[in-house]
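Architecture at a glance
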Amino acid sequence: MACWVNNLMCNPNITNIDLSVKHFFLITKRFKKHFASLHNLDRKMYIFPNTTSSLVNIPLGTKVCKTLTDFKIKTLFGGFQRRPELISKLEPNLENNYFNFPGKGNNLEQTYRFEKTKTIQQELVSMALKFSDSVVNSGNNNQEPRPKKCILDIGCGNGLSMIQPLSLGHVCIGVDLNLQSLSDFKSVYLENVESCEYLDQAADLLRCDLRYGLPFKAGSFDLVISISFLQWLFHGDSQTQLNLFFRSLRHVLQPNGRAVLQFYPSCRSQLEEAVNFAVKYFHGVLLGDYPHLDRGRKLFLILF
């Protein structure tokens, strides 16, 4: 693959992953229904206190909330069977907390769940890319979007979320802690595209513990996307981890760069904590898509 990571790294002690290394992984034995499919009902937006409404394009049918309480986020009980960040609390001694859930297999239920998860992931990525252009008011209606961007995918897993940006002609770098998932990236890519010729020129992967921030040079990326990662930072020393994350995120973005982070807080206090740290370094909004469900809330932090 391309050597984009080496060119952007500010820490020479961190290098590209070795895709030949295999690590321990856990398969859960009990499954629950997935609740993350997209809905277009009851959409809500919270505009950061440091952000004027003139900087934001409010999507049609969206209610602007004065407080985060209006999102009606309820505490999530259970969910250990399907939420990796919750499983890691039960099994803290597992090496590096690697969790791989079943992929496509011979079992019909397993295959169904794999395909559904894949569809959900693709939908969420599509929405993140859309929000990065449509929600932020650039102030110049005639300005054309940059045709080719350097995109960072935080918590990329097996790289499924990188396929859409790559197919649109962007350069995309994925970071994740799970080495087993990163090792599966090329096979996942080839399952979804006809050729990997462009992959060698425009994609790269990095294994990184994001609790300590992003290890890239200043202004490395035009856009950062993240699907279902941010909730991991609520476990452990959440205040230190969130502060390091958002500070380094601001550092690695271009001055006019943007970030779209989709995540699943388990309670309102986590949502408030994420917004409070994000507002220290960014203008932005919180966009909620069907957020009043106890599970499967689609929440996007859109930062600029």
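Predicted model, so just to flag it, every value in this text is computed and none were measured. (Residues numbered from 1 in each chain as written. Predicted model: local features only at pLDDT ≥ 70, side-chain atom pairs only at ≥ 80, totals over all residues. Heavy atoms only, no water.)

1. Quick notes on the nonpolar core
In terms of nonpolar packing, the biggest core is built from 74 residues, with I154, F246, L249, L301 and L303 touching the most fellow members. Sorting elements by how many residues they give to this core places helix α3 (residues 108-134) first, with seven residues. Excluding residues that lie within four positions of it along the chain, L249 makes contacts with I154, L214, V224, A259, L261, F282 and L303. (Core = buried A, V, L, I, M, F, W, Y, C linked by side-chain atoms within 4.5 Å. Buried < 20%, exposed > 50% of the residue type's maximum accessible area, 1.4 Å probe, protein only. Helix = DSSP H or I, 4+ residues; strand = E, 2+ residues; numbered from the N terminus. Contact = heavy atoms within 4.5 Å.)

2. Comments concerning the state of the cysteines
Under the criterion given, the structure shown has zero disulfides. Take C150: it sits in no disulfide, and the sulfur closest to it among the cysteines is that of C172, at 8.3 Å. (Disulfide = S-S within 2.5 Å.)

3. Re the environment of L286
Tracing the sequence through the fold places L286 in strand β8 (residues 284-289). The buried category is assigned to L286, whose relative accessible area is 0%. For L286 and C65, which are 221 residues apart along the polypeptide, the C-alpha to C-alpha distance reads 9.7 Å. When sequence neighbours within four positions are dropped, the list of residues in contact with L286 reads K44, M45, Y46, F48, L68, F71, F263, L271, L299, F300 and L301.

4. As for the packing of aromatic side chains
Applying the stated criterion across every chain, the model contains four aromatic pairs. Ring geometry for F216 versus F221: centroids 5.1 Å apart, planes at 90 degrees, classification edge-to-face. Assigned by exposure class, F216 and F221 land together as buried. Taken together, the aromatic side chains of F229, F245 and F246 make up a single cluster linked through ring pairs. (Phe/Tyr/Trp six-rings, centres within 6.5 Å; stacked < 30°, edge-to-face > 60°.)

5. What to know about unusual backbone geometry
A positive phi angle, near 60 degrees, is found at S228, a position not held by glycine. With respect to the helices and strands, the residue S228 is situated in the loop between β6 (221-227) and α8 (238-252).

6. Observations regarding the confidence of the model for the protein chain
Averaged over every residue, the pLDDT of the protein chain is 77; the share at 70 or more is 65%. Of all secondary-structure elements in the protein chain, the lowest mean pLDDT belongs to helix α2 (residues 84-90), at 49, while α8 reaches the highest, 97. Here residues 15-40 is a poorly scored stretch, pLDDT under 50, and it has 72 contacts once near neighbours within four places are set aside; other chains count. This model gives residues 85-102 a pLDDT under 50, and the stretch forms 53 contacts once residues within four places in sequence are excluded. (pLDDT = per-residue confidence, 0-100.)

7. Concerning the pairing of strand β5 (residues 203-207)
Among the five residues in β5, four count as buried, and that is most of the element. Inspection of the sheet shows strand β4 (residues 171-176) paired to β5 by five bridges, in the parallel sense. What sits directly across from G174, in β5, is L205. (Pairing = 2+ DSSP bridges.)

8. As for the sheet that holds β6
Judged by pairing direction, the sheet is mixed, and its nine strands sit side by side in the order β2-β1-β8-β9-β7-β6-β3-β4-β5 without closing on themselves. A strand with exactly one partner marks an edge of an open sheet, and here the two such strands are β2 (63-65) and β5. On average, each strand axis in the sheet is tilted by 20 degrees relative to the strand beside it, whichever way the strands run. Bridging between strand β3 (residues 150-154) and β4 involves five bridges; their strand directions are parallel. The partner of D153 across the bridge, within β4, is G174. (Axes fitted to C-alpha atoms, helices over the stretch in contact; angles between N-to-C directions.)

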